[in-house]
Amino acid sequence: MLKKIGLALVALIAGLLVFTLTRPDDFRVEREIVIQATPEKLMPLLTDFQKFGLWSPWEHLDPAMQRDFSGPASGVGAVYAWKGNDEVGKGRMEILSVSADKVVVKLDFFSPFEAHNTAEYTLSRQGEATKMTWAMYGPANFVTKLMGVFVSMDTMVGKDFEKGLKQIKEVAEKP
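Asker: A description of the overall build of the chain should follow, citing residues and the corresponding values.
Answerer: Along its length, the chain carries 4 helices and 7 strands. Taken over the C-alpha atoms alone, the chain extends approximately 70 × 35 × 25 Å along its principal axes. When each of the 175 residues of the chain is scored for burial, the buried share is 37%. With the model as given, the accessible surface of the chain reaches about 10,100 Å², and the carbon-plus-sulfur share is 61%.

What follows is the structure, given as structure tokens:
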């Protein structure tokens, strides 16, 4: 009887591992919001990491978080590195490109897990308002794929994006 249970367990684990291999090799999480502000008013909130704390959903999870800003004060080459508790971990962001309607950021996580992704903020003018889209995408290694069998990246990060978008909306819509 124990042998049959053991074999069934091994078969189940093998099936899970094979299924994990069939998962996509990359992921994308995306959320959007309409903000009653122009892209010109939003852009400094995205290109100056010193202002990231005004709206980031993760910024206040660890009051003792260490922050290091380097490179230019804003725009291409600006760098924001952080180290904090288990909720915020350790990572680094660097602005790779800025245009009138898009900011692209290289996003590296070092702990509690390692990941190298890209974040994009896209601004689309809608009269006096702006539709802001926040996306993050990157490769899905085996561990990411295995985690994704149980909980998707969209589920893990999507609520944080929604919170951050609501917060940037509040900041940008202040007179």
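Asker: Could you give an account of helix α2 (residues 39-47), with specific residues and numbers?
Answerer: Within α2, the full set of buried residues consists of P39, L42, M43, L45, L46 and T47. Lining the buried residues of α2 we find β1 (26-35), β4 (90-98), β5 (102-111), β6 (115-126), β7 (129-139) and α4 (153-173).

Asker: Please provide a residue-by-residue account of the nonpolar core, values included.
Answerer: Grouped together as the largest cluster of nonpolar side chains are 36 residues, with contacts concentrated most on Y121, M132 and I168. Within the residue set of this core, elements represented by two or more residues are β1, α2, β3 (79-83), β4, β5, β6, β7 and α4. Residue contributions to this core peak at 6 residues, all from α4. Ignoring any residue separated from it by four or fewer positions in sequence, one finds Y121 in contact with L46, F52, W55, D101, K102, V103, V105, M132, T133 and W134.

Asker: An account of the packing of α2 against α4 is requested, with residue identities and associated values reported.
Answerer: Look at α2 against α4: their axes get within 10 Å of each other, and the N-to-C directions meet at 125°. By the angle between their axes, α2 is oblique relative to α4. Taken as a pair, α2 and α4 cross one another with a handedness that is right-handed. Contact residues: K41, L42, L45 and L46 in α2; I168, V171 and A172 in α4. Tallied by class, residues from the contact of α2 with α4 come to 6 nonpolar, no polar and 1 charged.

Asker: Got a sec to walk through unusual backbone geometry? Specific residues and values, please.
Answerer: The peptide bond linking S111 to P112 adopts the cis configuration, its omega dihedral lying at 10°. Among the structural elements, P112 can be located in the loop between β5 and β6.

Reading the values: the criteria
Residues numbered from 1 in each chain as written. Predicted model: local features only at pLDDT ≥ 70, side-chain atom pairs only at ≥ 80, totals over all residues. Heavy atoms only, no water. Helix = DSSP H or I, 4+ residues; strand = E, 2+ residues; numbered from the N terminus. Buried < 20%, exposed > 50% of the residue type's maximum accessible area, 1.4 Å probe, protein only. Areas by Shrake-Rupley, 256 points an atom, 1.4 Å probe, with all protein chains shown as cover. Contact = heavy atoms within 4.5 Å. Core = buried A, V, L, I, M, F, W, Y, C linked by side-chain atoms within 4.5 Å. Axes fitted to C-alpha atoms, helices over the stretch in contact; angles between N-to-C directions. Parallel < 35°, antiparallel > 145°, perpendicular 65-115°, else oblique. Left-handed = near helix turned anticlockwise from the far one by under 90°. Nonpolar A, V, L, I, M, F, W, Y, C, P; charged D, E, K, R; others polar.

Honestly, that's just the spatial picture; any functional story needs more than this.
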